[in-house]
Every structure is written in C-alpha cells, then in structure tokens.
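Tertiary structure, described
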Amino acid sequence: FKRNYDDRFVTHYAMSQPTEDFAESFTAFVLKEKPTKSTIADQKILFFYDFPELVEMRDFIRSNL
C-alpha cells in the first residue's frame with residue numbers, strides 16, 4: 001500500500017487513518033511553504049488556502065513561532 005500510494009500523503013503517518021491524514025495535511029499547511037506541485041498530497045495542503053480564515057490563522061501561528 002505504502003509504495004503504491006506514497007505520493008498521496010504528506011507523511012507516512014498520514015496513511016494510518018483519515019483523521020491523521022487531515023491532521024498531517026493541516027500541519028504541513030501551517031509549517032511549510034505553499035506547494036507548487038500538483039500531487040495529491042499537495043492538493044490536500046492547497047485545499048486549506050481556499051479558506052481565508054485558515055490562511056489568517058496560519059499567518060498568525062507562523063508569526064509567533
């Protein structure tokens with residue numbers, strides 16, 4: 001499974017459960033730069049950019065790290 005779907009998840013841990021996939025994707029959204037690729041994993045991160053309130057929260061969190 002991991003070899004066939006590795007590019008669909010932000011981390012290996014995200015493969016364990018759908019809730020962990022969401023959590024790991026959100027963590028990547030907050031801590032990493034905006035993805036420029038179009039993999040499924042990147043699309044999961046880019047999803048959060050569709051919500052201005054989440055982008056605002058991201059910016060606040062990043063400014064206080």
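Here's what I pulled together on the structure shown here. (Residues numbered from 1 in each chain as written. Predicted model: local features only at pLDDT ≥ 70, side-chain atom pairs only at ≥ 80, totals over all residues. Heavy atoms only, no water.)

This part is about the packing of helix 2 (residues 18-31) against helix 4 (residues 52-63). Across the interface, helix 2 lies against helix 4 with an axial gap of 9 Å and an inter-helix angle of 65°. Taken together, the residues of helix 4 that come into contact with helix 2 (itself represented by Phe26, Phe29, Val30 and Leu31) are Leu54, Val55, Met57, Arg58, Ile61 and Arg62. Among the residues forming the contact of helix 2 with helix 4, the class breakdown is eight nonpolar, no polar and two charged. (Axes fitted to C-alpha atoms, helices over the stretch in contact; angles between N-to-C directions. Helix = DSSP H or I, 4+ residues; strand = E, 2+ residues; numbered from the N terminus. Contact = heavy atoms within 4.5 Å. Nonpolar A, V, L, I, M, F, W, Y, C, P; charged D, E, K, R; others polar.)

Along helix 3 (residues 40-47), the residues classified as buried are Ala41, Asp42 and Ile45. The buried residues of helix 3 occupy one face: seen down the axis, they fall within an arc of 95°. Those residues of helix 3 that are buried lie in contact with helix 2. (Buried < 20%, exposed > 50% of the residue type's maximum accessible area, 1.4 Å probe, protein only. Arc of directions from axis to C-beta.)

That's the geometry; what it means functionally is another story.
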